[in-house]
Amino acid sequence: MKYRTLGRTGLSVSEIGMGCEGFVEKPYEFVKQFVDRMEEAGINCIDLYAPHPARTLEDLEASLAYETASEEEKDYAAAFAALPKISWQGHCMYCGHCAPCPQGISVASVTKFYNLARAQGGVPETVREHYALLSHKADECVACGACETRCPFGVPIIENMKQAAALFGEG
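Described below are features of the structure shown in this document. (Residues numbered from 1 in each chain as written. Predicted model: local features only at pLDDT ≥ 70, side-chain atom pairs only at ≥ 80, totals over all residues. Heavy atoms only, no water.)

### A look at the overall build of the chain
Then step 1. Across its full length, the chain holds eight helices and four strands.
Then step 2. The N-to-C order of helical and strand elements in the chain reads β-β-β-α-β-α-α-α-α-α-α-α.
Then step 3. Counting every position in the chain, which comprises 171 residues, the buried fraction comes to 28%.
Then step 4. Across the chain, every contact between residues at least 6 apart in sequence was considered, and the portion connecting residues at least 24 apart equals 61%. (Helix = DSSP H or I, 4+ residues; strand = E, 2+ residues; numbered from the N terminus. Buried < 20%, exposed > 50% of the residue type's maximum accessible area, 1.4 Å probe, protein only. Contact = heavy atoms within 4.5 Å.)

Here you go:
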């Protein structure tokens, strides 16, 4: 098991941690057996972020198998290589390379709210409220193109600003 120092505490903790959320409303014996096995393996039981609740001892054993797996079994290169090939060309990554806008528009923020609304098939109230808080809106775009020349993904920002202004009822 590999260990790291936890912040400035000086405590040595394992690199693998288990969230405790899955223990809620579980019988004491289940929790004890699970925690004992984690302790044996040198795993900390710290509940910081627990997106996947603990389920069974079999799940735990399967996770622990990684520690004794061969280098070939740990190599995910083939799995990653088999993933579908996609291009992010034309898709905003909200990276901020488009900034600064001479009009002061946060192009990435406008684009994010525009994309969220399009994905919902309309403008949810929360998106409308967040958009309303922006200091400068899409309708202030003067189509100078400075943002588009800096965008590494070839996003049609000027067109997006026009569409966003129309969607948010500005133009």
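### A word on the packing of aromatic side chains
For any two aromatic rings, the description comes down to two numbers: the centre-to-centre distance and the angle of the planes.
Then step 1. Tallied over the full model, the rule gives one aromatic pair.
Then step 2. An angle of 5° between the planes, with centres 3.9 Å apart, marks the rings of Y131 and F168 as stacked. Separated by 37 residues along the polypeptide, Y131 in helix α6 (residues 125-132) and F168 in the segment after α8 (157-167) bring together distant segments of the chain. Comparing Y131 with F168 shows no difference in burial state: the two are buried. (Phe/Tyr/Trp six-rings, centres within 6.5 Å; stacked < 30°, edge-to-face > 60°.)

### So, the environment of H97
Then step 1. Relative to the helices and strands, H97 is located in the loop between α4 (77-81) and α5 (107-120).
Then step 2. Among residues more than four places away in sequence, those in contact with H97 are R150 and P152.

### Side note on the pattern of salt bridges
Then step 1. One pass over the structure, following the stated rule, counts one salt bridge.
Then step 2. The shortest N-O distance in the salt bridge between D36 and K32 comes to 2.8 Å. Taken together, the residues D36 and K32, both in helix α1 (residues 28-41) and four residues apart, mark about one turn of the helix.
Then step 3. K32 sits in the partly exposed class, given a relative accessible area of 34%. (Salt bridge = Lys/Arg side-chain N within 4 Å of Asp/Glu carboxyl O.)

### Considerations on the packing of α5 against α6
Then step 1. Remark: α5 packs on α6, axes separated minimally by 10 Å, with the N-to-C direction vectors making an angle of 165°. Between α5 and α6, the angle falls in the class roughly antiparallel. For α5 against α6, the interelement crossing comes out left-handed. Two secondary-structure elements touch here, α5 through V110, F113 and L116 and α6 through V127, H130 and Y131.
Then step 2. Considering only residue class, the contact of α5 with α6 consists of five nonpolar, one polar and no charged. (Axes fitted to C-alpha atoms, helices over the stretch in contact; angles between N-to-C directions. Parallel < 35°, antiparallel > 145°, perpendicular 65-115°, else oblique. Left-handed = near helix turned anticlockwise from the far one by under 90°. Nonpolar A, V, L, I, M, F, W, Y, C, P; charged D, E, K, R; others polar.)

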